[in-house]
Amino acid sequence: MSNFDIKKLLQSVVKYGASDLHLVSRTEPQIRLDGALKPVNLPKLTGEDIEEMCYSLITEKQKLQFEEHDELDFAVLLPGIGRFRANYYRTLGETAAAFRVIPIEIPSLDDLGAPHVYKKLIKREKGLILVTGPTGSGKSTTLAAMLNEINLHEQKHVVTVEDPVEFIHPNKKCVFSHRGVGEDTASFATALKYAMRQDPDIILIGEMRDKETIEAALTAAETGHLVFGTLHTSSAAGTINRIIDVFTGDEQPQIRAMISTSLVAVVAQALIPKLDGGRIAASEILVTNHAISNLIREDKVHQIYSQMQLGQEGTGMITQSQALLKYIKEGKISRDAALQYSNKPEELLKAVIR
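Residues numbered from 1 in each chain as written. Predicted model: local features only at pLDDT ≥ 70, side-chain atom pairs only at ≥ 80, totals over all residues. Heavy atoms only, no water.

Q: Explain the layout of surface pockets to me, using residue names and the numbers behind them.
A: By volume, the second largest pocket is sized at about 440 Å³. Taken together, 22 residues line the second largest pocket, and the ones lying closest to its centre are Asp73, Phe74, Val181, Gly182 and Glu183. Residue assignment for the lining of the second largest pocket shows that the elements contributing at least two residues are helix 3 (60-69), strand 4 (71-78) and strand 9 (175-180). (1 Å grid on protein atoms, 1.4 Å probe; cavity = no way out; pocket = protein on both sides within 12 Å on 5 of 7 lines; lining within 4 Å. Points joined across faces, edges and corners; volume = space filled by probe spheres on them. Helix = DSSP H or I, 4+ residues; strand = E, 2+ residues; numbered from the N terminus.)

Laid out in C-alpha cells, this is it:
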C-alpha cells in the first residue's frame, strides 16, 4: 500500500491555489503555481503508487477504456474538495496523470477584469465567437464567464459540447444542456449535427479540432445561433488562417465567405505572470466589421492586423502588443515577462523603448 492519498493531494492543490497537479513516476508530485511547476514536499512516486491513486477515482468502465487505449480524459467532482479535469496516460510503460482544477464557483466577467467589449459581444443573437490561446491560457474560464453573464440576464437554451465537461453552470435564467464527448455523445461533429434538433440558442464547442466540427460550427453560426468555440492559436489573424487551412484549396473560397459573414470576434489570450503574484490575461481582440469581413472574403488575412489598429475607441479592438504595453505601464507585469509571451517581441520592444 502506498502512503499517498490522491484526495488529500488534490485538496492541497486547491488550498495552495495551484492550477494543476502532475503525477509522473520517479519524481515527487508537482503542482503548477502561477504558471511554474513546483515539487510537493513528498517522496518520489513509483508507477504503482500512481496507478493505485488514479484507479481509486475511476469506474470499471473507465479502467477498461484506459487499459485498452492507454489514454483517458474525464472530469471528476470530489465533494468538499472540488472539480477536476483529469488525463491519465502512459510514460515508459507506467501510468502517469495530470489534473487541472476547475473552479466550482464560476467567475463573472467583472471578477476576471475582462475588457468591456465582451459584454457587448455576448448580446449578439448569432455568429461565431472564438476564444483562442495555448493550453493553460484560461480559455475555458473566459468562456465560462461569458456564459455566466448570459445566464444572469437572458432566457436561453445553451448546449455545451466538451471533452470532458468542465464548468457546470447552474440554471439561473438559462437552461444548460451539458454534453460530454464519449459519455453523452460520440463526437463533437455528431453532437453538433443533432444540436440543431435540440432548439439551442447558444452552442459552446469545447474544441474545434477537425474539419467536420469547424464546418458544423460555421453552419450553426450562419443559421441563427450564437456559437462559442476554442482553438489553440495565439493570434487573431492566425486563428482565421488556421480555420481556412483545414479545408482544401477549392473549398477555401466558400469557407472564407462563411467566416466573413458569421465571425463575430476572436479573443486570443495568454496568461502572463504578474509582478505581485498570480497571473493576468493579456487579450488580443478582433471584432469583425465591414472592412475585416472584406479582407477575409478577398483572401487578405495578412492585412487584418493593421486594420485592427484603426479606430479602436469605437471598435473595442486591441492588439496583443498594445495589451502587454498597457500592463507594463500600469506596473502589473515586467517587461521581460511581456517579451517572453509576446507574438511580436520586436514590435513590443520598439514600443517599450519609445
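So much for the structure itself; the text now carries on.
Q: Any details on the pattern of salt bridges? Residues and values, ideally.
A: Counted under the stated rule, the structure contains 16 salt bridges. Salt-bridge contacts for Lys326 lead to Glu330; the nearest nitrogen and oxygen are separated by 3.5 Å. Among the ionic contacts, a cluster of salt bridges with common partners joins Glu51, Asp70 and Arg90. (Salt bridge = Lys/Arg side-chain N within 4 Å of Asp/Glu carboxyl O.)

Q: Break down the nonpolar core for me, citing the residues and quoting the values.
A: By size, the foremost hydrophobic cluster in this structure holds 62 residues, and its most contacted members are Phe228, Leu263, Leu286 and Ile304. Aside from chain neighbours lying at most four places away, what touches Ile304 is Ile240, Leu286, Ile292, Leu295 and Ile296. Leu10, Met53, Ile81 and Ala86 belong to the second-largest nonpolar core, a separate cluster that totals 27 residues. (Core = buried A, V, L, I, M, F, W, Y, C linked by side-chain atoms within 4.5 Å. Buried < 20%, exposed > 50% of the residue type's maximum accessible area, 1.4 Å probe, protein only. Contact = heavy atoms within 4.5 Å.)

Q: Kindly report on the packing of aromatic side chains, identifying the contributing residues and their values.
A: Inspection of the entire model under this criterion finds four aromatic pairs. With a centroid separation of 6.0 Å and 75° between ring planes, the pair formed by Phe66 and Tyr88 is classed as edge-to-face. Placement of Phe66 in helix 3 and of Tyr88 in strand 5 (residues 82-91) is noted, with a sequence separation of 22 residues between them. For the pair Phe66 and Tyr88, one class covers both residues: buried. (Phe/Tyr/Trp six-rings, centres within 6.5 Å; stacked < 30°, edge-to-face > 60°.)

Purely geometric stuff here, so don't read any function into it on its own.
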